[in-house]
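Coordinates in review
Below, each chain spelled out in residue letters.
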Amino acid sequence: MLDFFTIFSKGGLVLWCFQGVSDSCTGPVNALIRSVLLQERGGNNSFTHEALTLKYKLDNQFELVFVVGFQKILTLTYVDKLIDDVHRLFRDKYRTEIQQQSALSLLNGTFDFRNDFLRLLREAEETSKIRAPTTMKKFEDSEKAKKPARSMIETRGEKPKEKAKNSKKKGAKKEGSDGPLATSKAVPAEKSGLPVGPENGVELSKEELIRRKREEFIQKHGRGMEKSNKSKSDAPKEKGKKAPRVWELGGSANKEVLDYSTPTTNGTPEAALSEDINLIRGTGPGGQLQDLDCSSSDDEGAAQNSTKPSATKGTLGGMFGMLKGLVGSKSLSREDMESVLDKMRDHLIAKNVAADIAVQLCESVANKLEGKVMGTFSTVTSTVKQALQESLVQILQPQRRVDMLRDIMDAQRRQRPYVVTFCGVNGVGKSTNLAKISFWLLENGFSVLIAACDTFRAGAVEQLRTHTRRLSALHPPEKHAGRTMVQLFEKGYGKDAAGIAMEAIAFARNQGFDVVLVDTAGRMQDNAPLMTALAKLITVNTPDLVLFVGEALVGNEAVDQLVKFNRALADHSMAQTPRLIDGIVLTKFDTIDDKVGAAISMTYITSKPIVFVGTGQTYCDLRSLNAKAVVAALMKA
């Protein structure tokens, strides 16, 4: 039983609707439009919303959408056929009204389609019932029954294949007996005193052949082993011990030199930093995030070379090359786009996009363009490429945009700290990028409390302590009217991370800190105990923002990490509406050149925005995502 069937234009005008139940279809259809159609995720023609399954079909020639909804627990095999039949009949019946392509004509048009729809629905249901059930195959219909009985009888002795192999071996042996190897093979047989060999009319059995080959192998390799043992024994033994090499820059093992625990200046442990503070800070404005730039010197050189006209190319050849592949005002079919989409899919995978997502993207573009009428001077390649670029830009600009500065000021008005939790797998740069974001917040005038909740990794607290000392040197209290701008809250190792985070938030509220940045231990997505601990930390402390820190180097692994992190947070959470990942921090972006596919994979699988992009080791190496620059780098050949 169908809940609803609706037909509407891509402009949002509902042309006709069938309501099978009393519930309205507005909510599910709006969810389909927001999550699938507007986000360019049309690779699969099915969408699940709460207890309903929605299936849809796009008509790109007339800009129509056909949507059917039914209960998720039902298995309706006739739905696909019903959508195709309704699409074909509705388009043919109201072709004149639809081709006018004006909103007023569509609104004034009368689409009396109920009787036709009920007839098609009845036919589809009957065809699904008429389909005969599958019966078990009889023995007479099987392949085994067609074989003769003689072929299934096994007789004692060698099989025909084995006899053929033995005959081949014997033939090869006869041919090789005339060569010089015949004398060497006859040596062990002569010792035994047995007249063997084909010249004597005696054939060897399998056991004798194996024994002869074993003796030949021992004789051949035994001599080599004896020679190597003799050469080793003849080597002169070294007298005395080798003197150890002393390296010039190897350091010293002196206790006094290696002891860094004692104060160095007037008994104060926190002295001025010995390293250059400008090198730690980096160059560029720290308070303003710059857009990500994906261009390189190779691109500039290629652009300069492309501007130079080629003298070798003939005018006539250039004209024919330009006209090659023109569509010529016809509607695109899947056969026209198949070769181009295959190349685009391979190109996306080569640029580090996950394989499954590359397939879904190309399928979405095919659904978007199928049946669309192209212009006269448009090629299939340029049309598909442009559609794919628009889809990628749309994917990188998801539904919700995270504006941390605005949210922090809103939390200040409520007199509470803004809490951000960082999570991710091991070694992706959570602590380093936490320090970069701390510096960015300090440059914008917000005080930061760093909560050291990584109580597992050795040196994690010391790393954050070093970052806190450097950030304090960049923003000392003297520059902020004696106010401490950055501080570390830590309780050592082996403690409960959720409890430390709770104490840090309470401490920040009492001391008047604006932002709390919670650093967590790295964990693999398959580690159930650690994922349970992370879900507990997020559920108990309810942070304002949960950021997943991921590498730009990963390909298919990005999908697995994000899917399993979200699933683990949902499974191990004790809340009715579990808190999932809110945004992504993409790190090590400076190491991948133009292979920026991880940004597409992460955004596509979560529908969450990439809030920050890490591009280096200094505190200023933090960028905001520029969707058009990323797509341009992704589509670059």
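The structure displayed is predicted, hence computed values, not measured ones.

Thresholds, definitions, all that
- Residues numbered from 1 in each chain as written.
- Predicted model: local features only at pLDDT ≥ 70, side-chain atom pairs only at ≥ 80, totals over all residues.
- Heavy atoms only, no water.
- Phe/Tyr/Trp six-rings, centres within 6.5 Å; stacked < 30°, edge-to-face > 60°.
- Helix = DSSP H or I, 4+ residues; strand = E, 2+ residues; numbered from the N terminus.
- Buried < 20%, exposed > 50% of the residue type's maximum accessible area, 1.4 Å probe, protein only.
- Polar contact = N/O pair within 3.5 Å; in protein donor to acceptor, adjacent residues only side chain to side chain.
- Contact = heavy atoms within 4.5 Å.
- Arc of directions from axis to C-beta.
- Pairing = 2+ DSSP bridges.
- Core = buried A, V, L, I, M, F, W, Y, C linked by side-chain atoms within 4.5 Å.

**Examining the packing of aromatic side chains**
As enumerated under the stated definition, the model contains 15 aromatic pairs in all. Taking 5.3 Å as the distance between ring centres and 70° as the angle between the ring planes, the aromatic pair formed by Trp440 and Phe612 counts as edge-to-face. Taken as a pair, Trp440 in helix H18 (residues 430-443) and Phe612 in strand E13 (residues 610-614) lie far apart in primary sequence, 172 residues in all. Across this residue pair, the class does not change: Trp440 and Phe612 are buried. Ring-pair connections join several aromatic residues into one group, and the members of that group are Phe5, Trp16, Phe18, Phe66, Phe90, Tyr94, Phe111, Phe113 and Phe117.

**Brief notes about the side chain of Thr455**
Checked against the element boundaries, Thr455 lands in the loop between strand E8 (448-452) and helix H19 (460-474). Taking relative accessible area as the criterion, Thr455 reaches 14% and is therefore assigned buried. Within polar-contact distance, the side chain of Thr455 engages the backbone oxygen of Lys495 at 3.1 Å. In this structure Thr455 touches Gly492, Tyr493, Gly494, Lys495 and Ile500, once residues within four positions along its chain are discounted.

**A look at helix H17 (residues 404-413)**
Every buried residue belonging to H17 is among Met404, Ile408 and Ala411, and all of these are buried. Looking straight down H17, one finds that the buried residues subtend no more than 60° of arc, so they occupy a single side. Its buried side turned inward, H17 meets strand E7 (418-423), H18, strand E10 (515-519), strand E11 (545-551) and E13. Directly beyond the C-terminal end of H17, a positive phi value near 60° is found at Gln415.

**Looking at the sheet that holds strand E6 (residues 290-291)**
Strand order across the open sheet formed by 9 strands is E6-E14-E13-E12-E11-E7-E10-E8-E9, with mixed pairing between neighbours. Each end of this open sheet is capped by a strand with a single partner; those strands are E6 and strand E9 (486-489).

**Things to note about the pairing of E7**
With 6 of 6 residues buried, E7 lies mostly within the body of the structure. Across the two faces of E7 the burial is the same, with Tyr418, Val420 and Phe422 and Val419, Thr421 and Cys423 all buried. Pairing geometry for E7 and E10, over 5 bridges, is parallel. Directly across from Val420, in E10, lies its bridge partner Leu517. Pairing of E7 with E11 involves 4 bridges; the strand directions are parallel. Across the sheet, residue Thr421 finds its bridge partner in E11, namely Val546.

**Quick notes on unusual backbone geometry**
For Glu63, which is not glycine, the phi dihedral falls at a positive 60°. Locating Glu63 in the fold gives a position in the loop between strand E4 (52-59) and strand E5 (64-71). With relative accessibility at 34%, the residue Glu63 sits in the partly exposed group. At Thr542, a position not held by glycine, the phi torsion is positive, near 40°. With respect to the secondary-structure elements, Thr542 resides in the loop between helix H21 (528-541) and E11. Look at Thr542 and you get exposed, because its relative accessible area is 54%.

**A short note on the nonpolar core**
The biggest cluster of nonpolar side chains holds 112 residues, and the ones touching the most others in it are Leu361, Val384, Met404, Leu441 and Phe612. Once you skip the residues sitting within four places of it in the chain, Phe612 turns out to touch Leu289, Met404, Ile437, Trp440, Leu547, Ile584, Val585, Leu586, Leu622 and Arg623. Counting residues in each nonpolar core, the second largest holds 26 residues, with Tyr78, Val86, Phe117 and Leu120 among its members.

Purely geometric numbers; function is a separate question.
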